[in-house]
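Coordinate inspection notes
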Amino acid sequence: GAVVSQHPSWVICKSGTSVKIECRSLDFQATTMFWYRQFPKQSLMLMATSNEGSKATYEQGVEKDKFLINHASLTLSTLTVTSAHPEDSSFYICSASWAQGANEQYFGPGTRLTVT
Amino acid sequence: GENVEQHPSTLSVQEGDSAVIKCTYSDSASNYFPWYKQELGKRPQLIIDIRSNVGEKKDQRIAVTLNKTAKHFSLHITETQPEDSAVYFCAARVYSSASKIIFGSGTRLSIRP
């Protein structure tokens, strides 16, 4: 149980275009989802927290107009990187939690984004 | 906000020896401390966790200790094996409605045959 998927697993896009990444909880309802970004040989940096049906809460330094997060249902959250640039190339990982305040988070497999 | 520091950044041990990774956290309200193992290009995998009302927890070759007063927690891996080679992250969570987990900077563990 507690399976989280992401789609796509990897994507290459041209500079200036937008890319959407999906995060799905397959066998549980995720009240809260988290989006992380991980650059090579670095740690996971939390970008934002999204709760179903409400606006995402972004971490300091993360541009909310550039990284659009939608959590429209209890099983799906999306991250859209708008006007992508090469510096946005990274490994994006989502995680999902069945309840606010729950300890456990279940991670998706990640999406490798390369912007050319 | 919470800040988690992790040491060392790299660790090389002989197969069969023990490995210890240490972390400190800043927010005394943190109450949950997971440890993750991440292999290259893969998702982090939870290997052990500890809650603030417990001082030590063990699962086979892996143990975690927590010192709430000093705000320190450590991962201990005994009888290391080649498959233990990976990047390990400690993390801390502050109990709140946000329940977000903050990661340490990571330790690259290499097991020498």
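So, here's what we can say about the structure.

Cut-offs used in this document
- Residues numbered from 1 in each chain as written.
- Chains lettered and ligands numbered in written order.
- Predicted model: local features only at pLDDT ≥ 70, side-chain atom pairs only at ≥ 80, totals over all residues.
- Heavy atoms only, no water.
- Helix = DSSP H or I, 4+ residues; strand = E, 2+ residues; numbered from the N terminus.
- Rg over C-alpha atoms; globule rule 2.2 N^0.38 Å.
- Buried < 20%, exposed > 50% of the residue type's maximum accessible area, 1.4 Å probe, protein only.
- Contact = heavy atoms within 4.5 Å.
- Areas by Shrake-Rupley, 256 points an atom, 1.4 Å probe, with all protein chains shown as cover.
- Lys, Arg positive; Asp, Glu negative; His and termini not counted.
- Charge placed at Lys NZ, Arg CZ, Asp CG, Glu CD.
- Phe/Tyr/Trp six-rings, centres within 6.5 Å; stacked < 30°, edge-to-face > 60°.
- Salt bridge = Lys/Arg side-chain N within 4 Å of Asp/Glu carboxyl O.
- Polar contact = N/O pair within 3.5 Å; in protein donor to acceptor, adjacent residues only side chain to side chain.
- Nonpolar A, V, L, I, M, F, W, Y, C, P; charged D, E, K, R; others polar.

The next point concerns the overall build of chain B. Across its full length, chain B carries zero helices and 11 strands. Seen in sequence order, chain B has helices and strands lined up from the N terminus as β-β-β-β-β-β-β-β-β-β-β. In terms of overall size, chain B behaves like a compact globule, its C-alpha atoms giving a radius of gyration of 14 Å where 113 residues would be expected to give roughly 13 Å. Considering only C-alpha atoms, chain B reaches an extent of 45 × 30 × 20 Å along its principal axes. Out of the 113 residues belonging to chain B, those deemed buried represent 46%. Long-range contacts, defined as pairs at least 24 residues apart, comprise 53% of the intrachain contacts of chain B with a sequence gap of at least 6. Accessible area of chain B: about 5700 Å², with a carbon and sulfur share of 48%. With 14 positive and 12 negative side-chain charges, chain B shows a separation of 6 Å between the mean positions of the two kinds.

Taken as a whole and assessed by the stated rule, the structure comprises 12 aromatic pairs over all chains. Summarising the aromatic geometry, the rings of Phe-28 of chain A and Tyr-106 of chain A are spaced 5.6 Å apart at their centres and angled 65° between planes, so their arrangement reads as edge-to-face. Placement of Phe-28 of chain A in the loop between strand 3 (19–25) and strand 4 (32–38) and of Tyr-106 of chain A in strand 10 (residues 106–107) is noted, with a sequence separation of 78 residues between them. Between the aromatic rings of Phe-107 of chain A and Tyr-36 of chain B, the centroid separation amounts to 5.4 Å while the plane-to-plane angle is 85°, which identifies the pairing as edge-to-face.

Of the residues lining the interface, 21 residues belong to chain B; the matching set on chain A comes to 23 residues. The interface formed by chain B and chain A holds two salt bridges in total. For Glu-104 of chain A, the salt bridge is made with Arg-51 of chain B, and the minimal N-O distance between the two is 3.0 Å. At the boundary of chain B and chain A, one finds seven residue pairs in polar contact (both at pLDDT 80 or more). Looking at the side of chain B that touches chain A, the elements with two or more residues in it are strand 4 (30–38), strand 9 (86–94) and strand 10 (101–103) of chain B. When residues of the side of chain B that touches chain A are assigned to their parent elements, the largest contribution, three residues, is made by strand 4 of chain B. When its residues are assigned to classes, the side of chain B that touches chain A shows eight nonpolar, seven polar and six charged.

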